[in-house]
Amino acid sequence: MNFITIDKKDWAGGIDKSRKTYRVFGPVQDENGCQLKPLAPDVYPLMDAGVTVMSPKSVLFPQTEKMLTATLDESSEDHHIMKPVEKDNTPRVVLGIRPYDARAIQMVKLNFDNPDYQDPYWCEAYDATTFVGLGINRPDSCDFSTSAGTGPFSEEGLDVLMADLDDRYLAKILTEKGETWAEACGFDTSADAAESQALFDILRKEAEKNITASVDTDRLSEKSILDLYEAPFWDDVAFSCINCGTCTFVCPTCWCFDIQDETKHKTATRFRNWDTCMSPLFTHHASGHNPRGSKVQRVRQRFMHKLKYFVDKYDQGIMCVGCGRCVASCPVNIDIREVCKTMNNYEKE
Amino acid sequence: MDTCIEKIRTICADLLAKGEVQKVIGFAEGSIPMASRPIAVTSKDDVEKLVFNATCGLNLANYVSEALPKDGKIAVTAKGCDSRNLVTHMVENQVSRDRLYIIGIPCTGMVDKRKIAALFEDEITDFIEEGDTLTIVSPQKKEKVSKTDVLRHNCRMCTHRNPVVFDVMAAEPVEEQSLDQPFADVDQIAAMDPETRWAHFQELTKNCIRCYACRNACPLCYCPTCFVDESSPQWVGKGQDKTDINTFHFLRAFHCAGRCTDCGACVEVCPMGINVRDFTRKLNKDALELFGWEAGLDMEKRPPLDVYSPDDPDDFIK
Ligand code: SF4
Ligand code: SF4
Ligand code: SF4
Ligand code: SF4
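What counts and how
- Residues numbered from 1 in each chain as written.
- Chains lettered and ligands numbered in written order.
- Predicted model: local features only at pLDDT ≥ 70, side-chain atom pairs only at ≥ 80, totals over all residues.
- Heavy atoms only, no water.
- Helix = DSSP H or I, 4+ residues; strand = E, 2+ residues; numbered from the N terminus.
- Rg over C-alpha atoms; globule rule 2.2 N^0.38 Å.
- Buried < 20%, exposed > 50% of the residue type's maximum accessible area, 1.4 Å probe, protein only.
- Contact = heavy atoms within 4.5 Å.
- Pairing = 2+ DSSP bridges.
- Disulfide = S-S within 2.5 Å.
- Near = heavy atom within 4 Å.
- Nonpolar A, V, L, I, M, F, W, Y, C, P; charged D, E, K, R; others polar.
- Phe/Tyr/Trp six-rings, centres within 6.5 Å; stacked < 30°, edge-to-face > 60°.
- Lys NZ or Arg CZ within 6 Å of the ring centre and 35° of its normal.
- Buried area = accessible area lost by both parts, 1.4 Å probe.
- Salt bridge = Lys/Arg side-chain N within 4 Å of Asp/Glu carboxyl O.

Before going further, it helps to examine the overall build of chain B. Helix and strand content of chain B: 11 helices and nine strands. Taken over the C-alpha trace, chain B has a radius of gyration of 20 Å; the compact-globule value for 318 residues is 20 Å, and the two agree within 12%. Dimensions of chain B, computed from the C-alpha atoms along their principal axes, are close to 55 × 50 × 45 Å. For chain B, buried positions account for 53% of its 318 residues. Look at the contacts in chain B between residues 6 or more apart in sequence, and 66% of them connect residues 24 or more apart.

A separate point is the pairing of strand β1 (residues 23-29) of chain B. Residue and element names in this part refer to chain B. Among the seven residues in β1, five count as buried, and that is most of the element. Here β1 runs beside strand β4 (residues 74-78); their pairing, made up of three bridges, is parallel. Residue pairing across strands places V24 opposite A75, the latter belonging to β4. As paired strands, β1 and strand β2 (residues 36-41) are joined by six bridges and run antiparallel to one another. Paired with V24 across the strands is V41, a residue of β2. Remark: six residues form the turn of the hairpin made by β1 and β2, two consecutive strands paired antiparallel; M34 in that turn has positive phi of roughly 65°.

Note on terminology: a disulfide is the covalent bond linking the sulfur atoms of two cysteines. In the structure shown here, the tally under the stated rule is zero disulfides over all chains. Free cysteine A:C340: the closest other cysteine sulfur is in A:C320, separated by 7.6 Å. For A:C340, a relative accessible area of 1% puts it in the buried group. For B:C56, which is in no disulfide, the shortest distance to another cysteine sulfur is to B:C107 and amounts to 9.4 Å.

Residue and element names in this part refer to chain A. One open sheet accounts for four strands, arranged β5-β4-β12-β11; its pairing is antiparallel. Both edges of this open sheet fall to β5 (83-84) and β11 (257-264), since each of them pairs with a single strand only. Note that strand β4 (residues 64-71) and strand β12 (residues 267-274) share seven bridges and pair antiparallel. The residue of β12 that forms the bridge with T64 is N273.

Turning our eyes to something else, we now look at the site of ligand 2. Taken together, the residues surrounding ligand 2 are A:F144, A:C251, A:P252, A:K306, A:C320, A:V321, A:G322, A:C323, A:G324, A:R325, A:C326 and A:I336. Looking at the shell around ligand 2 residue by residue, the class counts come to eight nonpolar, two polar and two charged.

So, on to the packing of aromatic side chains. Going through the model one piece at a time under the given rule, you end up with 24 aromatic pairs over all chains. Relative to B:Y63, the ring of A:F239 has its centre 5.4 Å away and its plane inclined at 25°; by these criteria the two rings are stacked. Of this pair, A:F239 sits in the loop between α7 (234-238) and α8 (246-250) while B:Y63 sits in helix α2 (residues 61-67), on two different chains. What makes B:Y63 buried here is its relative accessible area of 4%. Members of the aromatic cluster, joined through ring pairs, are A:F61, A:F112, A:W122, A:Y126, A:F131, A:F249, A:F257 and A:W274. Sitting above the plane of the A:Y169 ring, A:K8 keeps its charged end 4.9 Å from the centroid. When the ring centre of A:Y126 is taken as reference, the NZ or CZ atom of A:K177 above it lies at 5.0 Å.

Between chain B and chain A, the contact holds 38 residues from the first and 33 residues from the second. Carbon and sulfur atoms supply 51% of the area that chain B and chain A bury against each other, a total of about 2800 Å² over both sides. Scanning the region where chain B abuts chain A turns up three salt bridges. B:R37 is the salt-bridge partner of A:E338, the closest N and O atoms lying 3.1 Å from each other. Within the residue set of the side of chain B that touches chain A, elements represented by two or more residues are β2, α2 and α8 (213-216) of chain B. Sorting elements by how many residues they give to the side of chain B that touches chain A places β2(B) first, with five residues. Class assignment for the residues of the side of chain B that touches chain A results in 17 nonpolar, 11 polar and 10 charged.

Just geometry here; none of it tells us what the structure is for.
As structure tokens, then:
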């Protein structure tokens, strides 16, 4: 693998060079907290920001995404025929993505790009995107990524992993996409591979030591689905929940969406929105029946999906990278770490 | 306020032991600093889980209807604003007085968690409350602040800190605040020219993710199907179109007219920290100025929007 060093004095200039070929995304601070946004030409990513309120999944999977459109103007020959909307799939780069969030994108990929289905919108956006991660030197207290199968310096899903060394970044180029991005920025000061790797290893160990939160997941796969489903603890878990869905909206791994059609004047649009299993509408049938009609059923669904169904179906651990966003954002303090423990330790009487 | 928790626990243990109530709705300690969690306690052995502190900013009236068993009573702990929403619930026939045992908690205000977080560059790792003194710890520093200085805006504006209805009080009443300018924030927005005012509201909701936490945390929003969730007719689009986001916020606010107690739960729960009270406060001001009405103070009086009064300030109704 190829290592380069980037003097922080050259960072902004490099980003500017890359703007000729890339749309640049990165963390910025605004009135509502730290957000990941497309950056205007004079804006630079806030590399030492805390965890963004929303995850980077929106770069590939926006909360509202137009898919198809048709004209309803009957004088037009192709009226009422749905056609793909034009997409901007020019290269984009996400700067300062957290390593666990890059791993989460690989999880979301299981849903949007697999042998049975390839979602064209997601796949094209994915192909166009380069992920430049920054290792987390000081993990926060809600971070339990190491026990969720990733970590503060995990490389999975990244094209470049950088480490912050005060006056410079040390960058490990992991893929061809990463190489192309570095070239576009004009970053080409190579660093000694063995030394750099050793430095990365030290930083990773240091950072991992600073993670204090954890979950045990070792016994989830051996539990029976029905035992967990029928376990008596769900009423207590769900009591405080207001079914706002914040936990699923902020989550980098939640992938559910709902398709809607809307017409405005003579134009019809089909688009998709993030959906959430915490909303009663998620399962509301046209007949009026709702198989998941109560709050406790919905809360159970979220945790069963993340901590049991996903575990059983994909054999890749839990559907959670331990970013802690849902823990920090849930307005009634429902904590997935506690629920995971309860599920992992549950013995049917 | 920490002194009243022992009394609350004793009252609850007694109620549960005697079988007078089937459960108690209160607050439990949260799993992270500055968090608390609504909880239902059903056994006297669990009353130790109950806490009450300046982070208990949710409105427990929101949990009452759902928690109510077929027969019998439940107890609920209620700050001033919670008690006013219980009154509103009763006035709107959502729950009857004899099904509730109300444990009133005189309140000296809840803290603004975002304001506290903004005092620190790094993450808050501990939060200790002793009377008016808050000790807040982060990896880099430890700071003592006065609770009064970091109260939520609605608590600074509150003139009903003592519960207006209760079966028992958990402490002696506290002194009510008197305000020179109870609606300075509304007046400031009202004074803007229309473009600036429009821009203010567009900016306010620019990061809204339509999670509806503000609606779901609000005791007033109990419709079985909210207008935003209707599909036939569909009143409002479901995407992130600005018009649809505006429609949600405007209509939600109107649905709270003459009912909102300014408890602040909507702002408390918003993952983006959006001050949606900028919408409801104007209606509260109108209700007060036009009808002399503050919601949730009187179980016998009908709210302004469901009575006809010959001295209505509007001409068109006469
Ligand atoms: S668990 Fe928390 S964040 Fe998720 S829907 Fe319930 S209240 Fe909202
Ligand atoms: S479930 Fe929670 S902690 Fe896990 S990835 Fe999603 S938001 Fe992060
Ligand atoms: S937890 Fe719910 S919203 Fe998230 S992916 Fe699973 S079913 Fe979808
Ligand atoms: S809680 Fe906040 S983000 Fe959610 S719908 Fe309300 S204003 Fe929007």
